[in-house]
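Results of the structural survey
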Amino acid sequence: MNEQTLSLRLERVAANIPQGARLADIGSDHGYLPIALYLRGVIEAGVAGEVALAPFHSAQGKVRKNGLQAHITVRHASGLAAIEAHDRITAISLCGMGGETIRDILEAGRERLRGDELLVLQPNVREWVARGWLAANGYQILHEEILEENQFTYEIIVAQRGEAVSYSPEQLYFGPLLMAQRSPLFLAKWRLNLQRKERVVARFERAREVPAAKREEVGEQLRMIRQLLA
Ligand code: SAM
C-alpha cells in the first residue's frame, strides 16, 4: 500500500468520501487516505491527524514528498483536536481502530463537530460500540458495507446527523443496513462468530472467575447471533 495504491479496505473508505469534501482523517498513520484522495481530485483539502509521533512524521514526509503542504495539513493531535474551525471540514474518517477508540474520540471531541459532517467509520472490532455512539448522538446510518481482505472482514459505516432514528440492540450489533441486506459475506462472518462465541461460553463454564457482566454480554450476543442465523 502507498499513497497511490490503497488497500481494498481504504479503497472502499475512499469511495465513500464525497467529491469536493474537506476531509479530516483522524488516526491517519502515513496519510495515505487524504493524499490519495487529493491526488485523485476527490477532496478539496485535507487534515491528517495523528497522535503517535512516528506515523505523524511519516504522514508529514509523505505530504511533503507529494508537494501537498498547501492542501493537506498534518497535525500531531489526539482525536478531533486535530480539527480547527477554519479547516471547514465536511467529512471525517476514523479507520482501522477499535469501536471503543472511535467512540472515545467522537465523544471527547464533540465540541469540535459542527454537526453536519459526514462520518465515515471503519472500526476493526466491536463495531456496535461505534454504532451505539452514533445512535445516542442523533446520527442516522446512511450506508454500510462489509468487505474481506487478507482473510479479515471489515465494516464501513457512513453516518450523518439527521432525523432521530432509533435502532434496536440487534441493529446496533449487526448494523441496520448490513442486517437487512444479509449478504453472503455478512452471513459467513456471523457463522464464524457463532462458533467463536460458543467456544468462549464453553470456556466461561470451566473458568471460575468470569465477571457476571461479561457472561451476560456474551450470552446476549450469542442469543442475537443464533436468532440472526436461524
Ligand atoms: N487510519 C489508517 C488506516 O485505516 O489504515 C491507520 C490505522 S492504524 C491501525 C491506527 C492509527 O490511529 C495509528 O496510527 C494510531 O497512532 C492512531 N490513533 C489511535 N488513537 C488516536 C487518537 N486518539 N488520535 C489520533 N490518532 C490516533
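Residues numbered from 1 in each chain as written. Predicted model: local features only at pLDDT ≥ 70, side-chain atom pairs only at ≥ 80, totals over all residues. Heavy atoms only, no water.

- Per an unreviewed UniProt entry, the protein chain goes by the name SAM-dependent methyltransferase and belongs to Pseudomonas cremoricolorata.

What about the sheet that holds strand 1 (residues 22-26)?
- Overall, mixed pairing links the seven strands, which are arranged 3-2-1-4-5-7-6 in an open sheet. Each having just a single partner strand, strand 3 (72-76) and strand 6 (139-149) make up the two edges of the open sheet. With strand direction ignored, the average angle separating the axes of adjacent strands in the sheet is 15°.
- Pairing between strand 4 (residues 91-97) and strand 5 (residues 118-123): six bridges, direction parallel. Residue Ala91 lies in a different strand from strand 5, and its bridge partner there is Leu118. (Pairing = 2+ DSSP bridges. Helix = DSSP H or I, 4+ residues; strand = E, 2+ residues; numbered from the N terminus. Axes fitted to C-alpha atoms, helices over the stretch in contact; angles between N-to-C directions.)

Let's talk about helix 4 (residues 99-108)
- Listed as buried for helix 4 are Gly99, Ile102, Ile105 and Leu106. Angularly, the buried residues of helix 4 cover 130° about the axis, an arc narrow enough to put them on a single face.
- Residues of helix 4 that are buried in the fold lie against strand 1, strand 4, strand 5 and helix 5 (127-136). (Buried < 20%, exposed > 50% of the residue type's maximum accessible area, 1.4 Å probe, protein only. Arc of directions from axis to C-beta. Contact = heavy atoms within 4.5 Å.)

A short note on the domain arrangement of the protein chain
- Domain boundaries assigned for the protein chain yield domain 1 (8-164) and domain 2 (187-229).
- Just the C-alpha atoms count here: the centres of domain 1 and domain 2 sit 31 Å apart.
- Tallying the contact residues gives six residues for domain 1 and four residues for domain 2.
- Summing both partners gives a buried area of about 370 Å² for domain 1 against domain 2, and 37% of it is carried by carbon and sulfur.
- On the domain 1 side of the contact with domain 2, Arg126, Trp128 and Thr153 bury the most area, a combined 65% of that side's loss.
- For Arg126, the salt bridge goes to Glu217, with nearest N and O atoms at 3.1 Å.
- For the interface between domain 1 and domain 2, the tally reads three residue pairs in polar contact (both at pLDDT 80 or more).
- Secondary structure elements with two or more residues in the side of domain 1 that touches domain 2: helix 5 and strand 7 (152-161). (Domains from an automatic or database assignment. Buried area = accessible area lost by both parts, 1.4 Å probe. Salt bridge = Lys/Arg side-chain N within 4 Å of Asp/Glu carboxyl O. Polar contact = N/O pair within 3.5 Å; in protein donor to acceptor, adjacent residues only side chain to side chain.)

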